[in-house]
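Report on the structure
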Amino acid sequence: MSKRSYVEEALSDWMRGNGPDSDVVISSRIRIARNLSGHPFPLLATTQQANDVMEQLTSVAESGKLNEHGQFETIKLSQLSELERRVLVEKHLISPNLANESRSGAVMLSENEAVSIMVNEEDHLRIQCLYPGFQVKEAWGLANRIDDIFEEVTDYAFDERRGYLTSCPTNVGTGIRSSVMMHLPGLVLTQQINRILSAVTQVGLAVRGIYGEGSEALGNLFQISNQITLGQSEGEIIENLHGVARQIIEHERAARQRLLDESRVRLEDRVFRSYGILSNAMIMDTKEASQRLSDVRLGIDLGLIRDVSPQVMNEMMVLTQPGFLQQVFREKMTPEQRDIRRAELIRNQLQRKTDHGGV
Amino acid sequence: MLCQECEKKPATLHFTKIVNGEKTEFHICESCARERGEGIPGTSNGFSIHSLLSGLMDFEPAGGVNTIGAKPQQQLRCDNCGLTYTQFSKMGRFGCSNCYTQFGSKLDPILKRVHGNTTHVGKIPKRTGVQIQIKREIEELRRELHQRIEQEEFENAAQIRDRIRELERNIADV
C-alpha cells in the first residue's frame, strides 16, 4: 500500500459500517499519548531534536516489530501536500494538529487504516486505534499492545506519582483518550439531546463535533470521550465511557422507535425529502449535505430506505469534505465550485448505490 | 435568556468565571462569542482547552505561592528546557517532562481542578517501571496484611509478611 492509496481511497475500515451497534455508533477510537524521557516536547524541540525523536520512533515500524498488527507504512508529513494532509485529517487518520507539523511530523499507518501512530504531534508519540462500530474495549486492547511494543525499545517519560508525562496537563496520567462517534438524530429530533449531553459532561466525559476539539457537531454526529486521564485506571476510564455510551445507544434507539410510532409520516417525509434532495440537487454546502446525509442514514437504519447501504453514507460523510472533494476531482476549487461538485458526487454515488451492496 | 452583548439572540453560552472568590457570569449567543474572538468549545474558531487551562492557572490558591517569602512566580523556570512558569501558564503546555518536577509545588491544584485527582493509578511501563510495580504490589499486600491481622488470620498474615520482605529485598537489589 502506498501513500497514494491512503490519500485517494475514501474507504477506511471504520467507514464500512459493519461494526457492532453500528446503527448508532459510527466508530470507536483510542488514543494514547507518550513522550520519550530526556527529550524536550515537540512544542519546544529544535528541528534536530524533533528529527531525532522521529528517527527513533519510526525505526520501530521499520524494524518490523509492529508486524503482528498489520503492514505499516511510514509517511513523513513533509512528503505530503497541504491538500493530502487535509484528506488524512478528514479520514481521521491524523489530527489537524499533526497536519500543521510539516517540519518533523510523521505518521505510521497500518494497511487497513485501523492504526495510526503519530510522531511529533503535541506529544512525541500518539498511538491511535480506530474501529468501526462500538468496540472501545477492542480498540483499547490493540492500542495497549502497540504501546507495549514501543515501550520495549524506548524510555518513556514516566513518573511514579503523575504517570505518563504529557505536553498538556489534560493528558497526564494514563495519557489515554477513548472516544465513540455517535449518530444521534433521534435524540436531536425529540429534543432530548441537550439534557443527555449535559448529563454526560457531569460524569467526566466530554462531547465534541466529529473532527475533534474545536469543530462543529455536523450531521447529528457527536464524539463522546473521557476528560479525566489522572486518578483513574485505563480500565475504569474505558468502562465509564462504555457504560455511558451503552445508555446513550439505548436512548437513541428508543427515541427512533418513538418517532416511528408517534410521527411516522413526518419522519418518512423528512427522510425521503432529504433523499430526494440529495439525489437531485445541483448545489450542496457541507452543512446541508451533513444534515441530509444524516436523515438518509436514519432512514436506512430504520428500514425506511432499503436500497442504499449504510456504508455509502459513511463514505459520503468523508468524501464530501472540502479536502477530499478537491482530491477526487483533482482541482483546486472555490467554495461555490465545491458545493456544485459535492452535489454532483452525491448524485452519482446514490445512483451507483447498488454497486455498494445495497439491497 | 437573551444574549447580554447583542440583546437580540438567545444566549446559548453560559460561562461562570471565578477569580479570587469573585464570581462573574456570562450569557452570550454564539455569534457574539465568535465576534469577541472567544469562540466556544465544539465550534470552528475554538475557545481552546489551552486557553481554558491558562484561565485556571492564573488563579492562585489562598496561602499558596504568593505568600510572603515565596519565590515570585516569574522566576520559576525549568532548568532543563528553560520554560518559565509564566510561559507555561500562558500556553497551558509543558516544555519537557522535567517541567513536572520543576513546577511540582504548583501542579497539584491545577491537576486537581482538571482531573479531580493528582495521582496516577493506571498502567506502569513494563520494562522501566519494574520497581514501581513492586512498590505497588507491596502497598497492596500491606493493606491485605492489616486486614488479615484484624480478622486474626495470623497464619495468612505471616505468609503475606514474608512475601512483603521478599519484595522489599528485590527492590533493594534492582
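In the block above lies the structure referred to throughout.
In this convention, every chain numbers its residues from 1, walking through the sequence in written order. Chains and ligands are labelled sequentially in the order written, the chains with letters from A and the ligands with numbers from 1. The predicted origin of the model limits local features to residues at a pLDDT of at least 70 and limits the giving and counting of side-chain atom pairs to 80 or more, whereas totals for whole chains, interfaces and linings rest on all residues. Only heavy atoms go into the side-chain values, all of them from the structure, while hydrogens and water stay out.

1. Comments concerning the overall build of chain B
Along its length, chain B carries seven helices and two strands. When its helices and strands are written in sequence order, chain B yields β-β-α-α-α-α-α-α-α. Burial classes: relative accessible area under 20% of the type maximum marks a residue as buried, over 50% as exposed, and values in between as partly exposed (1.4 Å probe, protein chains only). Counting across all 174 residues of chain B, residues that qualify as buried make up 33%. Residues count as neighbours in contact if any of their non-hydrogen atoms are within 4.5 Å of one another. Taking contacts inside chain B between residues at least 6 apart in sequence as the whole, the part at least 24 apart equals 31%. Summing over all exposed atoms, chain B offers an accessible surface of approximately 10,700 Å²; the carbon and sulfur share of this is 49%. Helical segments are the DSSP runs of H or I of at least four residues, strand segments are the runs of E of at least two, and each set is numbered from the N terminus. In these tables, accessible area is a Shrake-Rupley quantity obtained with a 1.4 Å probe, and a residue counts as shielded only by the protein chains included in the view.

2. Points about the packing of aromatic side chains
All names here are of chain B. Stacked, tilted and edge-to-face are the three classes applied to pairs of Phe, Tyr and Trp rings, where Trp contributes its six-membered ring and a pair requires centres within 6.5 Å; stacked means planes under 30 degrees apart, edge-to-face means over 60, and tilted covers the rest. Across all of its chains, the model carries seven aromatic pairs over all chains by this definition. On the basis of an interplanar angle of 85 degrees and a centroid distance of 5.4 Å, the ring pair of tyrosine 85 and phenylalanine 103 is categorised as edge-to-face. Taken as a pair, tyrosine 85 in helix H3 (residues 85-91) and phenylalanine 103 in the loop between helix H4 (99-102) and helix H5 (104-115) lie far apart in primary sequence, 18 residues in all. Here tyrosine 85 matches phenylalanine 103 in class, with each residue buried. On the basis of an interplanar angle of 20 degrees and a centroid distance of 4.3 Å, the ring pair of phenylalanine 88 and phenylalanine 94 is categorised as stacked. Comparing phenylalanine 88 with phenylalanine 94, the two get one shared label, buried.

3. A closer look at helix H11 (residues 322-329) of chain A
Burial within H11 of chain A is extensive, with seven of its eight residues counted as buried. Just downstream of H11 of chain A lies arginine 330 of chain A, where phi reads positive at about 50 degrees.

4. What about the pattern of salt bridges?
Two side chains with opposite charge may pair up if their charged atoms get near one another. Residues and elements named next belong to chain A. One side-chain nitrogen of Lys or Arg within 4 Å of one carboxyl oxygen of Asp or Glu is enough to make a salt bridge. Within the structure shown, the criterion is met by 38 salt bridges over all chains. Of the charged contacts, one joins arginine 256 and aspartate 301 as a salt bridge, the two residues approaching to 3.8 Å between their closest N and O atoms. One end of the pair, arginine 256, is in helix H8 (residues 234-280); the other, aspartate 301, is in helix H9 (residues 286-301), with 45 residues separating them in the sequence. Taken together, the shared-partner salt bridges in this structure form one network comprising Asp21, Asp23, Arg246, Glu250 and Arg253.

5. Section: the environment of arginine 16 of chain A
Residue and element names in this part refer to chain A. Relative to the assigned elements, arginine 16 resides in the loop between helix H1 (3-8) and strand E1 (25-34). It is 34 Å that separates the C-alpha atoms of arginine 16 and glutamine 56, two residues lying 40 residues apart in sequence. What arginine 16 contacts, discounting residues up to four positions off in sequence, is Leu11, Gln311 and Asn314.

6. With respect to the interface of chain A and chain B
Opposite the 45 residues of chain A that make contact, chain B presents 40 residues. A simple way to read buried area is as the amount of 1.4 Å-probe accessible surface that goes missing from two parts once joined, with both sides added. Summed over both sides, the interface of chain A with chain B buries roughly 3,700 Å², with 56% coming from carbon and sulfur. Of all residues in chain A, the largest losses of buried area upon contact with chain B belong to Glu160, Arg162 and Pro169 of chain A, amounting jointly to 17% of the total for that side. On the surface where chain A and chain B come into contact, there are eight salt bridges. With its nearest N and O atoms 2.9 Å apart, the salt bridge here joins arginine 127 of chain B to aspartate 155 of chain A. By the criterion applied in these results, polar contacts are pairs of N or O atoms within 3.5 Å in which, for protein atoms, one can donate a hydrogen and the other can accept it, and in which residues neighboring in sequence qualify only through two side-chain atoms. Counting every contact that joins chain A to chain B gives 25 residue pairs in polar contact (both at pLDDT 80 or more).

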